[in-house]
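Descriptive structure summary
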Amino acid sequence: MYEWILPSLSEVLAESQSTIAECSPAKAERQWRMSLAATEHLLIDTLAINSPTAAPALVLAAPAPLFSQPALTQNLQTVTFTAKPFNPLALMPFQMPTTATVVEEHSLQEAVLPLLPADPLVAEQFCLVFTDKFRLVLVLAERKNGNKVFSFSFEPEIVQQAWRAIGARVMLTNPDFCAELDALVQQYLPVAPDYRIAMQFSQLLLQEFPEPEVSKDWETATSIPHPQPPIPNSPHPVPDVELLQAFAHEVRTPLTTIRTMTRLLLKRRDLPTGVSDRLKIIDHECTEQIDRMELLFKAAELETCAATKATNTHLTPMSLNQVLQQSIPRWQQAATRRNLTLEVVVPQQLPTVVSNPTMLDRVLTGLMENFTRSLPAGSHIQVQVIPAGDQLKLQLSPQLQCQDTDAAETFVTPPIRKALGQLLMFQPETGTISLNLNATKHLFQAIGGKLIVRQRPQYGEVLTIFLPLEVSHQQNLELRKN
């Protein structure tokens, strides 16, 4: 059969590189994840400096879309390869013609192509990136002995060979689409990347690597005390933490595929209104759960290595107002679903803070989701944002709805929470599983912030988040005072 003749991408890279070391699946997967994170930041930086008329980047990936940041995806053309493509016709067989194929219905902006089940490429995860500035291929492959191997290359000829291997498969399964895709690939000239791009990728990759483990004496002497001591960092992942990483990955991958296919369906102009509304609900639910899995995965990553500082990277001065404009509607939806009311008090002018915009949005939304689940129906929540010295304070607090004497003397019973391993907690009253307090605090530390939780008998839990102000803004505040 033809598919057995075609080389896999790991074989293409193995022929051009003298040594590619096999290692444990966990180690190779960490290398893959760190390289993808470095690639994502490299793409964001590269596309940001390109002219508005420059061609968007092209990404070929398997087995699911790899990049989800809005700042990046709007400048990407993505083709996803999978052995088990999601069938969009199953959502509305009564409206769509049964002869339609996945590729014919989709543009090159987001396409999904099948891989034959017997193809050795099915056992690999890969990412080919084509831009005006560089080409890059990353591959994670599984060996027959159970080990895995990760490799990557910026060499134009190697990336071209990888594309030929993929293009041959597209020719087998979708010959009409192959010519269109090949023409798009040829728009990106196979030039050697500027040394500064390779150096920037190396620096980003080093930032993703965990710091070496320090001695216990030094760790004890320099650690910041917490109400609950953090889990000791270890080079060997704790079993339930490793299980949580695998679980988050397994859930996130199919959800990302479903969301991609849903968004492609929403681009059709012949959708009945009812079907379109249902697809939007699917898209919303998938996005919520993908973001939730991202948080679980990031929290597990923080516990498997000395990552509090290593993950405390890519922090940048940012407008909190922009994040709040995106987040508040979702907070309102979460409150309304649970019959709660929400009031947000924000000053007219918000100072610039230093954090990670994407992660801050996800962590705040996850925190609000858990906060609303812990309150009884009919409760009122106040979110207040105020300057606090060289920091910005964001406080979430439940408010009493009535002011009579009897209500003032009542005490709020804290929600029942049971620990599930190192990172999770379970609320029997609501059936909710979420990150525990210690893991949530670690997430805020990783994005430059700090979370404090206080229990007030008459109100319940009050959550306070502190974010550092940008240095220049701190200086401006001091000048105004003087």
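Description of the structure in this document. (Residues numbered from 1 in each chain as written. Predicted model: local features only at pLDDT ≥ 70, side-chain atom pairs only at ≥ 80, totals over all residues. Heavy atoms only, no water.)

Observations regarding the overall build of the protein
- Helices and strands together make up the secondary structure of the protein, namely 17 helices and 16 strands.
- Taking all 482 residues of the protein together, the buried fraction comes to 45%.
- Within the protein, contacts between residues at least 6 apart in sequence are counted, and of these 72% link residues at least 24 apart.
- For the protein, the computed accessible surface area is about 24,700 Å², with 55% contributed by carbon and sulfur atoms. (Helix = DSSP H or I, 4+ residues; strand = E, 2+ residues; numbered from the N terminus. Buried < 20%, exposed > 50% of the residue type's maximum accessible area, 1.4 Å probe, protein only. Contact = heavy atoms within 4.5 Å. Areas by Shrake-Rupley, 256 points an atom, 1.4 Å probe, with all protein chains shown as cover.)

Section: the packing of helix H14 (residues 357-373) against helix H16 (residues 437-446)
- For the pair H14 and H16, the least separation of the axes is 10 Å and the interaxial angle reads 155°. For the element pair H14 / H16, the angle class is roughly antiparallel. At the point where H14 passes H16, the crossing takes the left-handed sense. Here H14 contributes Val363, Leu364 and Leu367 to the contact with H16, which in turn contributes Thr440, Leu443 and Phe444.
- When grouped by side-chain class, the residues that make up the contact of H14 with H16 number 5 nonpolar, 1 polar and no charged. (Axes fitted to C-alpha atoms, helices over the stretch in contact; angles between N-to-C directions. Parallel < 35°, antiparallel > 145°, perpendicular 65-115°, else oblique. Left-handed = near helix turned anticlockwise from the far one by under 90°. Nonpolar A, V, L, I, M, F, W, Y, C, P; charged D, E, K, R; others polar.)

A word on helix H13 (residues 320-337)
- Compared with the 26 Å implied by 1.5 Å per residue over 18 residues, the 25 Å span of H13 between its first and last C-alpha is a close match.
- Its maximal kink placed at Ser327, H13 deviates by approximately 30°, while the proline Pro329 follows within four residues.
- Those residues of H13 not exposed but buried are Leu320, Val323, Leu324, Ser327, Trp331, Ala334 and Ala335. (Expected span 1.5 Å × (residues − 1). Bend = angle between axes of the 7 residues up to and from the residue.)

Here's the deal with the sheet that holds strand E13 (residues 424-427)
- Taken in spatial order, the 3 strands make up an open sheet running E12-E13-E14, and their pairing is antiparallel. Looking at strand neighbours, the two that pair on one side only are strand E12 (418-420) and strand E14 (432-435), the edges of this open sheet. Strand-to-strand twist in this sheet, taken as the mean axis angle between neighbours without regard to direction, amounts to 35°.
- Two strands pair when backbone bridges link them, and E13 and E14 are joined in this way by 4 bridges, in the antiparallel orientation. From the neighbouring strand, Leu424 faces E14, where its bridge partner is Leu435. (Pairing = 2+ DSSP bridges.)

Points about the nonpolar core
- Core analysis: the largest hydrophobic core is formed by 47 residues, its most contacted members being Leu320, Val383, Leu396, Leu435, Phe444 and Ile465.
- Sorting the residues of this core by element identifies helix H10 (239-266), helix H11 (273-304), H13, H14, strand E10 (380-388), strand E11 (391-399), H16 and strand E16 (460-468) as the ones contributing at least two each.
- With residues near it in sequence (within four places) discarded, Leu435 still touches Leu295, Leu296, Ala299, Leu423, Leu424, Met425, Thr440 and Leu443.
- One finds Leu60, Val79, Leu113 and Phe130 within the second-largest nonpolar core, a separate group that totals 30 residues. (Core = buried A, V, L, I, M, F, W, Y, C linked by side-chain atoms within 4.5 Å.)

Notes on the pairing of strand E5 (residues 135-142)
- Most of E5 sits inside the fold, with 7 of its 8 residues counted as buried.
- Looking at chain direction, strand E4 (residues 124-130) and E5 are connected through 7 bridges and run antiparallel. Across the sheet, residue Phe130 finds its bridge partner in E5, namely Arg135.
- Between E4 and E5, which pair antiparallel in sequence order, lie 4 residues.
- The pairing of E5 with strand E6 (residues 148-153) spans 6 bridges and is antiparallel. Counterpart to Leu138 in the pairing with E6 is Phe152.

Comments concerning the packing of aromatic side chains
- If you walk through the whole model with that rule in mind, you get 7 aromatic pairs.
- Ring geometry for Phe81 and Phe126: centres 6.0 Å apart, planes at 45°, overall tilted. In this pair, Phe81 is assigned in strand E2 (residues 76-82) and Phe126 in strand E4, connecting sequence segments 45 residues apart.
- With centroids separated by 5.2 Å and ring planes inclined at 80°, the aromatic side chains of Phe154 and Phe201 adopt a geometry described as edge-to-face. Of this pair, Phe154 sits in the loop between E6 and helix H6 (156-173) while Phe201 sits in helix H8 (residues 195-208), and the two are 47 residues apart along the sequence. (Phe/Tyr/Trp six-rings, centres within 6.5 Å; stacked < 30°, edge-to-face > 60°.)

Some points on the sheet that holds E11
- One open sheet holds the 5 strands; their spatial order is E8-E10-E11-E16-E15, and the pairing between them is mixed. The open sheet is flanked by strand E8 (341-345) and strand E15 (450-456), the only strands paired with a single partner. Mean inter-strand twist for the sheet, computed between neighbouring axes without regard to direction, equals 15°.
- Each of E8, E10, E11 and E16 touches H13; the most contacted strand, E8, lies at about 165° to it.

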